[in-house]
Protein chains: 2
Amino acid sequence: MSTEMADPAGAKPTLRDVALAAGVHLATASRALSDSKTRPVNPRTAALVRQAAAKLGYVPDQVARSLRTHRTPAIGVLIPDMTNPVMPPLVRGAEQVLAQHGYTTLFADTDNDQAAETQRLAMFLSWRVAGLILATARRDQPLAPELVNSGVPVVLMSRKLDATPVPSATIDESVGIAQALDHLIGLGHRRIAYLGVPLWTSAGHERLVAFREITRDRGLDLPPEFAQVCDGYSERDGEAALAALLARPDRPTAVLTGNDMMALGCYDAIRAAGLRCPADVSVVGYNDMPLTHRVDPPLTTVRVPYFDLGRQAASLLVEALDDRGSTERSVRLTPRLLVRDSTAPAPT
Amino acid sequence: MSTEMADPAGAKPTLRDVALAAGVHLATASRALSDSKTRPVNPRTAALVRQAAAKLGYVPDQVARSLRTHRTPAIGVLIPDMTNPVMPPLVRGAEQVLAQHGYTTLFADTDNDQAAETQRLAMFLSWRVAGLILATARRDQPLAPELVNSGVPVVLMSRKLDATPVPSATIDESVGIAQALDHLIGLGHRRIAYLGVPLWTSAGHERLVAFREITRDRGLDLPPEFAQVCDGYSERDGEAALAALLARPDRPTAVLTGNDMMALGCYDAIRAAGLRCPADVSVVGYNDMPLTHRVDPPLTTVRVPYFDLGRQAASLLVEALDDRGSTERSVRLTPRLLVRDSTAPAPT
DNA sequence: TTGAAAGCGGTACCAT
DNA sequence: ATGGTACCGCTTTCAA
């Protein structure tokens, strides 16, 4: 009952249509539109075909192509929660280089939920993605079995696993912590506390370990409670943790936190204790999320190159996909302390 | 030269393998694994097949399925810039309901670049996406021709077009502006300025129009310069614009901005003019981006339900895809003023 | 250089 | 309820 229309919407022209219009064989049309390098095609014929394709508005069907070639130029990207301010630049960077290399980005926000992650992973695998970029990995949790024996190349973004060596793009947390600590020590602080983010990410774990190691290296003799891990990532978590520490007679004169939100919570705890930041207590955050330069006082924090990290993660994957022989390597970027006004010389 | 392996990585089992293992015909296996509603399948047989599929770790090939069915359960989402704080919740909301309905989200960040947008669009179209969600639309720019005669359903997210009626999920900007204005008027302000975001988005345009209409309605007699549009979206844009206004003898006692960054820039202009916010000049932002509650003073701003907007945009599209007869409708959500401390009674 | 034809992994129609 | 089979749109080997 449907009327046959020439050009308009309804039925997309196929390669067959193009070949017909150009007066050549289907196979010839295919070759003309693909890599002219590998397949010999008469330039005149090729021009004819391309012309016909343009006139018909031919768009090659990637689905058909993928089925035939067994290559799906698509990469799945799994994000735990886009609301986390570190994620957008990560995704942006990754998508940028993926697109640059002709890959389509399949995106999913798992909301930190295991079931959601499994479902999205199944979708991606069903699409026969060429690779996966995971920002959802947890230290102690090995890659899903269906993932490992799917044989799909995986790159971890901003995360690592404890046991399994999987290629990853991460930052050197110890550098960030060291810079923050040395800054504070340089200001005369000796009683420095660390309020960490939860340990189920490699970043959280490494920051805590780095804090312990470096304070020891620098000869700081800290009570064990000065290095602690909070239950969550929020202002309230930071506030509660610092409040307890400030109640001690040997209260810290400076505090370093695992993220910026917790640092801002520390502002509240300091104020609640009748103290001031930075005069009485210095605060250093982590991540340099947007607007931390506008809070009161502007937050000294560790800036992490998340956009680059996203680019690197994607590059790693693309590289592995191109070269068959590329040793699966990882990359590690360096953060940098951004000194603003939440840190000051230790009170005398 | 490759060894044939039973289960391990290398070659994925196909439906044929499953059928063989289950001792049934390929077609039967297909039916057993698909909707048992439409096709009659013996429960015992179905169980056998599913068992075999599970044992082999069979994952249906979505590519093959799409080629055959001409249905690609994937939706392309085009974002102008994930760095814009309104975008993450939008994308998160959209992906969530898309996944809920079995759609894979193809994601692209166009970096506000026309060429990038064209390239990504071509990719998506080549994948034969079932639909598109665009957060990149510009008021004055009609949908790309290749898009319109591709016949792919489109939903605009947080944006609209001037001329073409395209289904969209947006917010009622006039409500947001009205609430902000009435709040200020209620505080006794009469000289209220508006510093808008650029006009190439429908939101930017509607906010400006709403400001003009509502101030007229409320009987405010404002100099035309009191309603103006800035070149960009940054703190500096807001600062510069307000600085000029504050130099006037009839300077505004309150300012409403098109986004939060510009509002924060206004803080700077006010301070630079030797005035205080909110004592001398009240400021109202727009969007309620993260941390606006922590700046000094905490910003009064219009909170926009971006997460819901993303969900609605996706719902609209899914709906249109399911029902063939769904009138292509749009949805309009309502923002709400969040009163914090950057607004105070007008100075006497 | 081009034509012919097989077939990727499924689905769905037809017959049994 | 199940088996047989054409075919979706394209790439690629093989012949001509």
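Remember, predicted model here, so these are calculated numbers, not experimental data. What you see as residue numbers is a count from 1 along each chain, following the sequence as written. As a convention, the first chain written is A and the first ligand written is 1, with the rest following in written order. Two thresholds apply to this predicted model, a pLDDT of at least 70 for residue-level local features and 80 or more for giving and counting side-chain atom pairs, whereas whole-chain, interface and lining totals are computed over all residues. Neither water nor hydrogens contribute to the side-chain values; these are computed over all heavy atoms in the structure.

(A) How the structure looks around helix H6 (residues 114-126) of chain B. Along its 13 residues, H6 of chain B runs 18 Å from first to last C-alpha, staying within 8% of the 18 Å computed at 1.5 Å per residue. With a 1.4 Å probe rolled over the protein chains alone, any residue whose accessible area is under 20% of its type maximum counts as buried; one over 50% counts as exposed, and the rest are partly exposed. In this text, helices come from DSSP runs of H or I with a minimum length of four residues, and strands from runs of E with a minimum of two, each type numbered from the N-terminal end. Within the sequence span of H6 of chain B, burial applies to Ala 116, Glu 117, Arg 120, Leu 121, Met 123, Phe 124, Leu 125 and Ser 126 of chain B. The span you would expect from a helix comes to 1.5 Å times its residue count less one.

(B) Structural context of the sheet that holds strand E3 (residues 131-134) of chain B. Any two strands between which DSSP finds at least two bridges are classified as paired. Within the open sheet, the twelve strands sit side by side as E11(A)-E5(A)-E4(A)-E3(A)-E1(A)-E2(A)-E2(B)-E1(B)-E3(B)-E4(B)-E5(B)-E11(B). Their pairing is mixed. Because the sheet does not close on itself, it has two edges, and the strands there are strand E11 (331-333) of chain A together with strand E11 (331-333) of chain B. Ignoring strand direction, the axes of neighbouring strands in this sheet form an average angle of 25°. Relative to strand E2 (residues 104-109) of chain B, strand E1 (residues 74-79) of chain B is paired through six bridges, and the arrangement is parallel. Of the residues in E2 of chain B, the one forming a bridge with Ile 75 of chain B is Thr 105 of chain B. By definition, residues are in contact when any of their heavy atoms lie within 4.5 Å. For helices, the fitted axis covers only the stretch in contact; all axes are lines through C-alpha atoms, and the angles between them, taken along N-to-C directions, range from 0 to 180 degrees. Here helix H5 (residues 87-100) of chain A sits on the sheet and contacts strand E1 (74-79), strand E2 (104-109), strand E3 (131-134) and strand E4 (154-157) of chain A together with E2 of chain B; the angle it forms with E2 of chain B, its principal contact strand, is near 90°. The strands touched by helix H6 (residues 114-126) of chain A within the sheet are E1, E2 and E3 of chain A together with E2 of chain B, with E1 of chain A carrying the most contacts at an inclination of about 175°.

(C) Main features of the pattern of salt bridges. Think of a salt bridge as a Lys or Arg side-chain nitrogen and an Asp or Glu carboxyl oxygen that are within 4 Å of each other. The tally for this structure, following the rule as stated, stands at 46 salt bridges over all chains. The salt bridge partner of Glu 95 of chain B is Arg 120 of chain A, with a shortest N-O separation of 2.7 Å. Here the residue Glu 95 of chain B occupies a position in helix H5 (residues 87-100), and Arg 120 of chain A occupies one in helix H6, the pair thus bridging two chains. Summarising the burial analysis for this pair, Glu 95 of chain B and Arg 120 of chain A share the class buried. Asp 172 of chain A is paired through a salt bridge with Arg 332 of chain A; the nearest N and O atoms lie 3.6 Å apart. Of the two residues, Asp 172 of chain A sits in the loop between strand E5 (168-171) and helix H8 (173-186) while Arg 332 of chain A sits in strand E11, which places them 160 residues apart along the sequence. A cluster of three or more residues bridged by salt bridges with shared partners is formed by Glu 235, Arg 236, Glu 239, Asp 268 and Arg 271 of chain A together with Arg 294 of chain B.

(D) Looking closely at the side chain of Glu 95 of chain A. On the basis of relative accessibility, which here comes to 2%, the residue Glu 95 of chain A falls in the buried class. Polar contact is the term for a pair of N or O atoms within 3.5 Å; when the atoms are in protein, one must be able to donate a hydrogen and the other to accept it, and sequence-neighboring residues count only if both atoms are side-chain atoms. Polar contacts involving the side chain of Glu 95 of chain A include one to the side chain of Arg 120 of chain B, which spans 2.6 Å. Not counting residues up to four positions away in its chain, the partners in contact with Glu 95 of chain A are Thr 105 of chain A together with Phe 107, Ala 108, Asp 109 and Arg 120 of chain B.

(E) Spotlight on unusual backbone geometry. The omega torsion of the bond from Cys 277 of chain B to Pro 278 of chain B falls at 10°, within 30 degrees of zero and hence cis. Structurally, Pro 278 of chain B can be placed in the loop between helix H11 (260-272) and strand E9 (282-287). Here Asp 296 of chain B and Pro 297 of chain B are connected by a cis peptide whose omega angle stands at -5°. Looking at the secondary structure, you find Pro 297 of chain B in the loop between E9 and strand E10 (300-303). Positive phi outside glycine occurs at His 70 of chain A, with the angle close to 60°. Tracing the chain through its elements places His 70 of chain A in the loop between helix H4 (62-69) and E1. Using a relative accessible area of 71% as the deciding quantity, one classes His 70 of chain A as exposed. Phi at Ser 158 of chain A is positive, roughly 65°, even though this residue is not glycine. Here Ser 158 of chain A is to be found in the loop between E4 and E5.

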